[in-house]
Amino acid sequence: MTDVTGASDVLQTLFRSEQGGHEQVVLCQDRASGLKAVIAIHSTALGPALGGTRFYPYASEAEAVADALNLARGMSYKNAMAGLDHGGGKAVIIGNPEQIKSEELLLAYGRFVASLGGRYVTACDVGTYVADMDVVARECRWTTGRSPENGGAGDSSVLTAFGVFQGMRASAQHLWGDPTLRGRRVGIAGVGKVGRHLVEHLRKDGAEVVITDVREESVRAILEQYPTGVTAVADTDTLIRTDGLDIYAPCALGGALNDDSVPVLTAEVVCGAANNQLAHPGVEKDLADRGILYAPDYVVNAGGVIQVADELHGFDFDRCKAKAAKIFDTTLAIFARAKDDGIPPAAAADRIAEQRMAEARATRTR
């Protein structure tokens, strides 16, 4: 049972805090399959809300609702900055996917998403995969991230990495006057699906790359593929302290930029694929105070959401790549706005996204 204090905190966030303002929150339950889910729609000002489905063993229902609210809000900003005609939404399924995920549960979830009539479009997230979206799509046509065999685009890591690379190029242009990483030293924490593609872009551009990953096999595969120009260190703590590092790319877990890591960063730029890199409000100012340029994560890692959004219109890789390439210009615009307004880039990105959503709402009410 959800405790009263937890429920009160969720309602405080939803209705009264600056982090709220959501349009709709739907609680879903199908006892036959064991499904318990939350669908949060933050905004449809720009169009149907778009965001993935997270499948996670939350400690409480209140924690699940709070996570859905936070993630949905983040998707509004990401989609706005990506130039998509989509608002922000997110869904969470409560439970351990390794224990309770089943075809019946996913089909039941698909029926709940379908019941929203297109106000929310779902896709993959932590704990859900392309094969899962294929099942959900059997009950819900507002499903993306499906396999190519089922009319989808499949793995989005290629364009996610491409977008992060564009963010790095923009950072180099802004800081060093040249949009190339040639001769620069880039540290990547996490060389999974996105990180390994990022290594490829950087090596082709002439960068030296330093990598780390908790999975030894991932590190070993990269070193075998790139016998020169790539080195490895033991862990992220070592990586962020590496001398001569120009760019740090967090590409694993969120919260990488925190009170412990920011003071010891040697890099002049942070630009990576991980979501929610800022551990708490104020970290963006700490980075700015140290003279570290931060490329907002939800801007540079938007290649994946650009891909799943395009899937709704019949996926075309070249069209998606052209849209993802614009992350370069968007990132430069954020840096310019930050300089003009005297604020950190993360705050500048928020302002630009909020302006686009506000203009869309004003147009719809005329």
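As a reminder, the structure under discussion sits directly above these lines.
Residues numbered from 1 in each chain as written. Predicted model: local features only at pLDDT ≥ 70, side-chain atom pairs only at ≥ 80, totals over all residues. Heavy atoms only, no water.

Peer 1: What exactly am I supposed to notice about the pairing of strand β8 (residues 208-212) here?
Peer 2: The two faces of a sheet get side chains in turn, since along a regular strand they alternate between them. With four of its five residues buried, β8 lies for the most part within the structure. Inspection of the sheet shows strand β7 (residues 185-189) paired to β8 by five bridges, in the parallel sense. Residue pairing in the sheet places Gly187 in a bridge with Val210 of β8. A crossover links β7 with its parallel partner β8, the connecting element being helix α7 (residues 193-204), and its sense is right-handed. With three bridges joining them, β8 and strand β9 (residues 230-232) adopt parallel strand pairing. Directly across from Val209, in β9, lies its bridge partner Val230. As a crossover connection, the stretch from β8 through helix α8 (residues 216-225) into β9 is right-handed. (Buried < 20%, exposed > 50% of the residue type's maximum accessible area, 1.4 Å probe, protein only. Helix = DSSP H or I, 4+ residues; strand = E, 2+ residues; numbered from the N terminus. Pairing = 2+ DSSP bridges. Right-handed = clockwise from strand over helix to strand, strands pointing away.)

Peer 1: What should I look at first to understand the packing of helix α6 (residues 157-176) against α7 in this one?
Peer 2: Between two packed helices, what matters for the description is the angle formed by their axes and the separation of those axes. Following both chains from N to C, one finds α6 and α7 inclined at 50°, their axes separated by 8 Å at the closest point. Considering the angle they form, α6 stands oblique to α7. Between α6 and α7 the crossing geometry is right-handed. Residues Ser157, Val158, Thr160, Ala161, Phe162, Val164, Phe165 and Met168 of α6 form the contact with α7, whose own contacting residues are Lys193, Val194, His197, Leu198, His201 and Leu202. (Axes fitted to C-alpha atoms, helices over the stretch in contact; angles between N-to-C directions. Parallel < 35°, antiparallel > 145°, perpendicular 65-115°, else oblique. Left-handed = near helix turned anticlockwise from the far one by under 90°. Contact = heavy atoms within 4.5 Å.)

Peer 1: Explain the sheet that holds strand β11 (residues 269-270) to me, please; I cannot follow it from the model alone.
Peer 2: The strands that make up a sheet pair up through hydrogen bonds in the backbone, lying either parallel or antiparallel. Within the open sheet, the six strands sit side by side as β9-β8-β7-β10-β11-β12. Their pairing is parallel. Unpaired on one side and paired on the other, β9 and β12 (293-294) mark the two borders of the sheet. Of the strand pairs in this sheet, β11 and β12 are connected by two bridges, and their pairing is parallel. Residue Val269 lies in a different strand from β12, and its bridge partner there is Leu293. Taken strand by strand, α7 contacts β7, β8, β9 and β10 (247-250), and its axis lies near 170° from that of β7.

Peer 1: Got a minute to help me understand the environment of Arg31 in this structure?
Peer 2: Turning to its location among the elements, Arg31 is positioned in the loop between β1 (24-30) and β2 (35-43). With a relative accessible area of 73%, Arg31 lands in the exposed category. Distance in space between the C-alpha atoms of Arg31 and Leu105 is 9.4 Å, their sequence separation being 74 residues.

Peer 1: How should the packing of aromatic side chains be read in this particular structure?
Peer 2: The geometry of two aromatic rings is summed up by the distance between their centres and the angle between their planes. Throughout the structure, instances matching the rule amount to two aromatic pairs. With a centroid separation of 6.2 Å and 75° between ring planes, the pair formed by Tyr77 and Tyr298 is classed as edge-to-face. Of this pair, Tyr77 sits in helix α2 (residues 61-81) while Tyr298 sits in helix α11 (residues 297-300), placing them 221 residues apart in sequence. Both residues of the pair, Tyr77 and Tyr298, count as buried. One cation-aromatic arrangement involves Arg169 over Phe328; the distance from NZ or CZ to the ring centre is 4.6 Å. Here Arg184 stacks its cationic end above the ring of Trp176, 3.9 Å away from the centre of that ring. (Phe/Tyr/Trp six-rings, centres within 6.5 Å; stacked < 30°, edge-to-face > 60°. Lys NZ or Arg CZ within 6 Å of the ring centre and 35° of its normal.)

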